[in-house]
Amino acid sequence: MALLQISEPGLSAAPHQHRLAVGIDLGTTNSLVATVRSGISTVLNDEQGCALLPSVVHYAADGEVLVGQAAQEEQSAYPHNTIVSVKRFMGRGLKDVGDVSNLPYRFVETSSSGSGQAPGMLQLRTAAGVKSPVEVSAEILRVLRVRAEQALGGELVGAVITVPAYFDDAQRQATKDAAKLAGLNVLRLLNEPTAAAIAYGLDNASEGVYAVYDLGGGTFDISILRLSKGVFEVLATNGDSALGGDDFDHRIYCWLLEKNGLSALPAPDIRSLLTHARAAKEQLTDHLETRATAVLSSGEVIDNVLTRAEFHEMSQNLVQRTLQALRRALRDAKLTAQDVKGVVMVGGATRMPHIQQAVGDFFGQAPLNNLDPDKVVALGAAIQANVLAGNRGGDDWLLLDVIPLSLGIETMGGLVEKIVPRNSTIPSARAQEFTTYKDGQTAMSIHVVQGERELVSDCRSLAKFELRGIPPMVAGAARIRVTFQVDADGLLSVSAREMSSGTEASIVVKPSYGLSDDEIARMLQDSAQYARDDMQARALREQQTEAAQLLEAVDNALQQDGEALLDAAAQARIRTSMEALRAVIGGSDHQAIKRAVEALNQATTEFAQKRMDQSVKHALTGHKLSDLES
Amino acid sequence: MNMLSADFQQDFFRLFDLPSRFRLDSASLEKSYLALQAQVHPDKFAHLPEADRRLSMQWTTRVNEGYQTLRDPLNRARYLLTLQGVDTQEESNTAMPHEFLMQQMEWREALEEAVQAKDIDALEKLEQRVQHEVRFLQQQLAVDLDDSHDYAAASGIVRKLKFLEKLAEEIGSAFDELDS
């Protein structure tokens with residue numbers, strides 16, 4: 001096994017082998033996978049030479065699962081069992097979806113897997129049983145993983161998965177869960193406009209303030225970034241995670257219903273008319289008018305001519321909604337349209353002429369369309385995946401991203417106290433103190449919400465948990481410190497601590513809309529893939545790979561800084577742990593490897609801290625030197 | 001959580017290698033910020049063991065917190081006062097000079113009127129007046145904190161600026177409201 005060729009201590013580690021990593025754009029309409037090969041970011045095609053995998057999953061009664069084009073072909077015949085645009089359901093409850101009567105699915109409302117108080121993520125009843133949007137998305141991701149592994153000839157070290165910048169915590173968590181379920185190691189969740197900015201900025205060596213206008217199939221993002229030498233800094237982001245090309249289709253669909261006096265259609269007809277509506281929209285990008293013709297299951301014939309002008313009028317308020325978000329983002333960035341040097345267009349829906357027109361008018365300049373709006377996100381994600389996997393020096397550029405929506409907790413009277421404001425650079429942590437409002441109160445319920453509104457009922461409920469064991473005191477005497485930590489994926493964990501007694505409660509925010517680890521484990525068991533892959537063997541391989549990487553990292557660290565930062569005894573302790581790990585790494589006992597990895601991690605904690613302290617000092621010394629030089 | 005080093009816990013001015021005072025060279029702050037980020041950011045550690053990744057997240061969080069604290073004048077003033085052991089009494093001391101309160105009331109009325117009349121121009125004018133007052137108070141803060149070391153006076157200005165920050169936020173939401 002090539003991965004296990006480990007150099008002797010003291011000798012230089014084997015030259016870094018190229019670690020296989022990909023960027024995946026998990027889109028509402030289409031999904032793509034890309035990787036960096038010979039220094040160039042490339043989209044990986046399927047066997048037929050197609051880059052775009054339609055984000056459609058079909059569940060057949062015999063248990064077969066079709067994904068992509070093959071699934072798309074089944075959608076009119078089997079609308080209940082063919083899920084399109086599943087991204088719109090990620091981390092969402094039924095009431096978030098709005099008008100379900102125009103969607104050809106059998107929805108199942110589920111209660112939260114956690115506290116049971118907030119509604120859980122919606123589910124879909126199919127021929128293959130009830131499916132969560134996470135499972136449906138995992139099918140798409142699995143196809144892309146297999147495509148990449150076949151194209152690259154090996155297992156992937158990890159993947160960067162893109163998400164709309166305006167995705168909230170529940171939607172991000174659902175995406176990460178889907179990737180795990182698909183057998184992917186998530187190196188990072190990366191915001192789609194930021195991914196596009198990387199692809200664009202590196203290609204064009206851009207400097208200055210740029211706006212990325214990203215209108216996908218189901219989501220809209222606007223990000224304002226400052227690009228300077230080697231730094232991509234997101235200044236503000238805004239958007240609407242339920243606004244996209246699908247909504248433009250829907251306007252045409254409703255127009256068709258109205259024109260023909262139709263209502264309450266059977267599911268196959270809904271699907272068929274939606275498909276025609278999309279085709280009409282795409283036609284109107286290059287033509288001034290188009291004809292929609294269809295035969296309904298009743299035999300009724302639909303035949304209507306739609307002009308571009310009519311279409312633009314019926315969808316103008318959708319365009320206006322994107323401009324509102326744009327103005328809010330600029331306001332948050334404390335900038336005006338004149339400060340923006342260029343506007344990068346991303347997402348297939350930006351091909352619509354009235355979008356191009358409106359954005360051009362808003363900024364007083366023609367938008368930039370020189371990268372394929374369907375591929376630019378995947379290309380940028382692949383570039384970042386290559387860096388995160390450790391294939392480059394890692395000091396090439398710096399990406400500073402933000403959280404899109406404020407995080408807070410419920411206080412008295414159903415009001416929200418914001419703790420982490422929107423557009424905070426991540427990772428970020430904030431703490432706030434609260435107190436009890438009754439004498440002798442020994443428990444406190446903590447309700448975590450996300451959004452900008454003042455009322456809890458207008459924000460997204462993320463989780464509820466309880467801090468128990470507060471020592472009885474008079475009202476207002478307890479000091480409860482609630483700490484929010486947002487990681488580099490934009491995911492939140494919350495801990496609460498009563499300061500005088502030290503009572504502590506902490507959670508990774510998952511319960512209401514997320515899946516518990518048990519549920520993920522069950523889904524893994526259930527998935528047909530489980531039987532095919534030998535999971536046991538896979539777990540061992542993963543453990544061995546992790547161990548090999550750890551040994552390599554520690555070895556390099558010791559060579560660089562061992563003598564300078566550690567005394568002989570401390571170095572010897574680390575080497576002993578390394579030897580212990582080397583003794584078990586080739587074996588088949590994955591628990592033993594895991595224990596040895598943990599022991600080595602433990603043994604190197606102090607060393608890691610010293611190295612970090614040293615590099616922080618070095619950062620500022622280096623910059624003082626460069627000041628002198630300039 | 002693992003124990004963090006003394007370097008981690010040093011104050012933000014030391015962390016960013018800047019003099020501990022209110023008047024601040026924002027270019028130096030940004031330069032230090034980017035230099036630190038380049039060393040500690042999670043993207044540099046994604047391929048390394050879990051322990052390193054955790055340390056990187058803690059450090060980056062700290063660096064971000066420091067940058068937010070020092071970049072924003074009101075937060076910077078609060079932080080300097082905390083380092084001096086001074087309580088700004090933002091929750092407990094609600095006594096405000098009469099003329100300040102009168103002006104607040106006048107501005108809040110102007111805000112309401114502008115919203116009701118959907119008058120963007122009036123809203124912009126109000127925003128400018130508030131910003132002007134904020135800048136004036138910040139200059140006073142610099143004198144109180146850096147020159148005369150009058151921390152009681154500085155705390156008074158911090159309390160005023162907190163009022164104005166809230167007002168500025170409400171003006172911002174009013175712009176959004178008029179836009180939709």
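The rules behind these values
The residue numbers shown here count from 1 along each chain, following its written sequence. Lettering of chains starts at A and numbering of ligands starts at 1, both following the order in which they are written. In keeping with the predicted nature of the model, local features appear solely for residues at pLDDT of at least 70, side-chain atom pairs appear and are counted solely at 80 or more, and the whole-chain, interface and lining totals rest on all residues. Excluding hydrogens and water, the side-chain values take into account all heavy atoms of the structure. Helix and strand definitions follow DSSP, with helices as H or I runs of at least four residues and strands as E runs of at least two, each counted in order from the N terminus. Exposure classes here rest on a 1.4 Å probe applied to the protein chains alone. A residue is buried below 20% of its type maximum, exposed above 50%, and partly exposed in between. Any two residues whose heavy atoms approach within 4.5 Å are treated as being in contact. A pair of strands is considered paired only if DSSP assigns at least 2 bridges between the two. The convention used is that axes are lines fitted to C-alpha atoms, helices contributing only their stretch in contact, and that angles between N-to-C directions extend from 0 to 180 degrees. What counts as buried area is the accessible surface, traced by a 1.4 Å probe, that two parts surrender upon association, with contributions from both included. Each reported salt bridge corresponds to a side-chain nitrogen of Lys or Arg within 4 Å of a carboxyl oxygen of Asp or Glu. In the analysis that follows, any N or O atom pair within 3.5 Å is treated as a polar contact, provided that within protein one partner can donate a hydrogen and the other can accept it, and provided that, for residues neighboring in sequence, both atoms belong to side chains. Note on residue classes: Ala, Val, Leu, Ile, Met, Phe, Trp, Tyr, Cys and Pro are nonpolar, Asp, Glu, Lys and Arg are charged, and everything else, Gly too, is polar. Residue ranges labeled as domains rest on an automatic or database domain assignment. What makes a nonpolar core is a set of buried Ala, Val, Leu, Ile, Met, Phe, Trp, Tyr and Cys residues whose side-chain atoms join them at distances within 4.5 Å. An angle counts as roughly parallel when it lies under 35 degrees, as roughly antiparallel when it exceeds 145, as roughly perpendicular when it falls between 65 and 115, and as oblique in every other case. For a crossing to be left-handed, the near helix must be turned anticlockwise from the far one by less than a right angle; the clockwise case is right-handed. As a per-residue measure, pLDDT reflects the predictor's confidence and takes values from 0 up to 100.

Undergrad: Could you clarify how one ought to interpret the overall build of chain A in this entry?
TA: Counting secondary structure elements, chain A contains 16 helices and 27 strands. The buried share of chain A, taken over its 630 residues, is 55%. Residue pairs in contact within chain A that sit at least 24 positions apart in sequence constitute 67% of those at least 6 positions apart.

Undergrad: Which parts of the structure should I look at to understand the sheet that holds strand β13 (residues 208–215) of chain A?
TA: Backbone hydrogen bonds hold the strands of a sheet together, and the pairing may be parallel or antiparallel. Strand order in this open sheet of five strands is β18-β13-β14-β15-β19 (chain A), and the pairing throughout is mixed. Two strands close off the open sheet at either side, each with one partner strand: β18 (342–346) and β19 (398–400) of chain A. Strand-to-strand twist in this sheet, taken as the mean axis angle between neighbours without regard to direction, amounts to 25 degrees. Against the sheet, helix α9 (residues 353–363) of chain A engages β13 and β18 of chain A, with an angle of about 160 degrees to β18 of chain A. Its contacts with the sheet place helix α3 (residues 26–40) of chain B against β14 (220–228), β15 (231–240) and β19 of chain A, and it is angled at close to 110 degrees to β19 of chain A.

Undergrad: For this particular structure, what's the right way to read the sheet that holds strand β8 (residues 107–108) of chain A?
TA: All names here are of chain A. The sheet built from three strands is open, its strands ordered β8-β9-β10 with antiparallel pairing. Each edge of the open sheet carries a strand with a single partner, namely β8 and β10 (129–131). Bridging between strand β9 (residues 123–126) and β10 involves three bridges; their strand directions are antiparallel. Within the sheet, the bridge partner assigned to threonine 126 lies in β10 and is glycine 129.

Undergrad: What's the story with the interface of chain B and chain A in this structure? I'm lost.
TA: Quite often, the size of an interface is put as the accessible area lost when its parts meet. Listed per partner, the contact involves 45 residues of chain B and 45 residues of chain A. Summing both sides of the interface, chain B and chain A together bury roughly 3,800 Å²; the carbon and sulfur share of this comes to 57%. Contact with chain A buries area across many residues of chain B, yet Asp43, His47 and Asp179 of chain B alone supply 15% of it, more than any other trio. The tally of links between chain B and chain A comes to four salt bridges. Seen at the junction of chain B and chain A, the total is eleven residue pairs in polar contact (both at pLDDT 80 or more). Among the secondary structure elements, those contributing two or more residues to the side of chain B that touches chain A are α2 (12–15), α3, α4 (50–71) and α8 (151–179) of chain B. When residues of the side of chain B that touches chain A are assigned to their parent elements, the largest contribution, eleven residues, is made by α3 of chain B. Split into classes, the residues belonging to the side of chain B that touches chain A amount to 20 nonpolar, 14 polar and eleven charged.

Undergrad: Teacher, can you tell me more about unusual backbone geometry here?
TA: Trans peptide bonds make up the majority, and among non-glycine residues the majority have a negative phi. All names here are of chain A. The omega torsion across isoleucine 426 and proline 427 is 0 degrees, close enough to zero to call that bond cis. By the element assignment, proline 427 lies in the loop between β21 (415–420) and β22 (428–434). The phi dihedral of alanine 264 falls on the positive side, at around 45 degrees, and the residue is not glycine. Judged by its relative accessible area of 81%, alanine 264 is exposed. If you check the backbone angles, lysine 334 has positive phi at about 55 degrees while not being a glycine. Residue position: lysine 334 is located in the loop between α8 (308–332) and β18.

Undergrad: Help me understand the domain arrangement of chain B, please; the structure alone is not making it clear to me.
TA: Each assigned domain of chain B is listed here: domain 1 (3–71) and domain 2 (98–179). Computed from C-alpha atoms alone, the centre-to-centre distance between domain 1 of chain B and domain 2 of chain B is 31 Å.

Undergrad: Explain the nonpolar core here, please?
TA: A general feature of soluble globular proteins is that nonpolar side chains tend to end up buried together. One finds Phe16, Trp59 and Leu141 of chain B to be the most contacted residues of the largest nonpolar core, which totals 53 residues. Each of domain 1 (3–71) and domain 2 (98–179) of chain B gives at least three residues to this core. With near-sequence residues (within four places) excluded, leucine 141 of chain B lies in contact with Phe22, Ala77, Asp146, Ala154, Ile157, Val158 and Leu161 of chain B. Counting 49 residues, the second-largest nonpolar core is a separate cluster that includes Ala211, Leu273, Leu274 and Ile355 of chain A.

Undergrad: So what exactly am I meant to see when it comes to the side chain of lysine 281 of chain A here?
TA: All names here are of chain A. Inspection of the secondary structure puts lysine 281 in helix α7 (residues 267–286). Polar side-chain contacts of lysine 281 include one of 3.5 Å to the backbone oxygen of glycine 245. Those residues in contact with lysine 281, other than ones at most four positions away along the chain, are Gly245, Phe248, Asp249, Ile252, Phe311 and Met352.

Undergrad: It is not clear to me how the packing of helix α6 (residues 98–116) of chain B against helix α7 (residues 120–147) of chain B should be interpreted in this structure. Could you clarify?
TA: Helix-helix packing is described using two parameters, namely the angle between the two axes and the distance between the axes. All names here are of chain B. Contact geometry of α6 with α7 gives a least axis separation of 9 Å together with a crossing angle of 155 degrees. It follows that α6 is roughly antiparallel to α7 by the angle criterion. Of the two elements, α6 crosses α7, and the hand of that crossing is left-handed. Judged by residue contacts, Gln103, Glu106, Trp107, Ala110, Leu111 and Ala114 of α6 engage Ala122, Leu123, Leu126, Arg129, Val130 and Glu133 from α7. Taken together, the residues of the contact of α6 with α7 break down into eight nonpolar, one polar and three charged.

Undergrad: What is the right way to look at the pattern of salt bridges in this model?
TA: Pairing between side chains of opposite charge can happen when their charged atoms approach one another. All names here are of chain A. Under the criterion given, the structure shown has 46 salt bridges over all chains. Taking the shortest distance from any N to any O, the salt bridge between arginine 142 and glutamate 139 comes out at 3.3 Å. In this pair, arginine 142 and glutamate 139 both sit in helix α3 (residues 133–152), three residues apart, roughly one turn of the helix. Considered together, arginine 142 and glutamate 139 belong to a single accessibility category, that of buried residues.

Undergrad: Mind showing me how you'd approach the pairing of β14 of chain A here?
TA: Each regular strand carries side chains that alternate between the two faces of the sheet. Residues and elements named next belong to chain A. Where burial is concerned, most of β14 is hidden: seven out of the nine residues are buried. Bridging between β13 and β14 involves eight bridges; their strand directions are antiparallel. Bridged to leucine 215 within β14 is phenylalanine 220. In sequence, β13 turns back onto β14 through a hairpin of four residues. Taken together, the nine bridges between β14 and β15 define a ladder with antiparallel strand orientation. Residue pairing in the sheet places isoleucine 222 in a bridge with asparagine 238 of β15. The hairpin formed by β14 and β15 contains two residues between the paired strands, and glycine 230 there has a positive phi angle of roughly 75 degrees.

Undergrad: Could you clarify how one ought to interpret the pairing of strand β3 (residues 40–43) of chain A in this entry?
TA: Residue and element names in this part refer to chain A. Side-chain alternation along β3 places Ser41 and Val43 on a buried face and Ile40 and Thr42 on a face that remains uncovered. Here strand β2 (residues 30–37) runs beside β3; their pairing, made up of four bridges, is antiparallel. Within β3, the position partnered with arginine 37 by the bridge is isoleucine 40.

Undergrad: What's the story with the confidence of the model for chain B in this structure? I'm lost.
TA: As a note on interpretation, predicted positions should not be read in detail where pLDDT is low. Taken as a whole, chain B shows an average pLDDT of 91; of its residues, 98% reach a score of 70 or greater. Two numbers describe this predicted complex: its pTM, 0.88, and its ipTM, 0.91.

Undergrad: Is there a simple way to think about the packing of α3 of chain B against α4 of chain B in this case?
TA: Residue and element names in this part refer to chain B. Running from N to C, α3 and α4 cross one another at 170 degrees; their axes reach a closest spacing of 10 Å. Of the possible angle classes, the one that applies to α3 and α4 is roughly antiparallel. In this structure, α3 contributes Leu29, Glu30, Tyr33, Leu36, Gln37 and Val40 to the contact, and α4 contributes Ser56, Trp59, Thr60, Val63, Asn64, Tyr67, Leu70 and Arg71. Split by residue class, the contact of α3 with α4 holds eight nonpolar, four polar and two charged.

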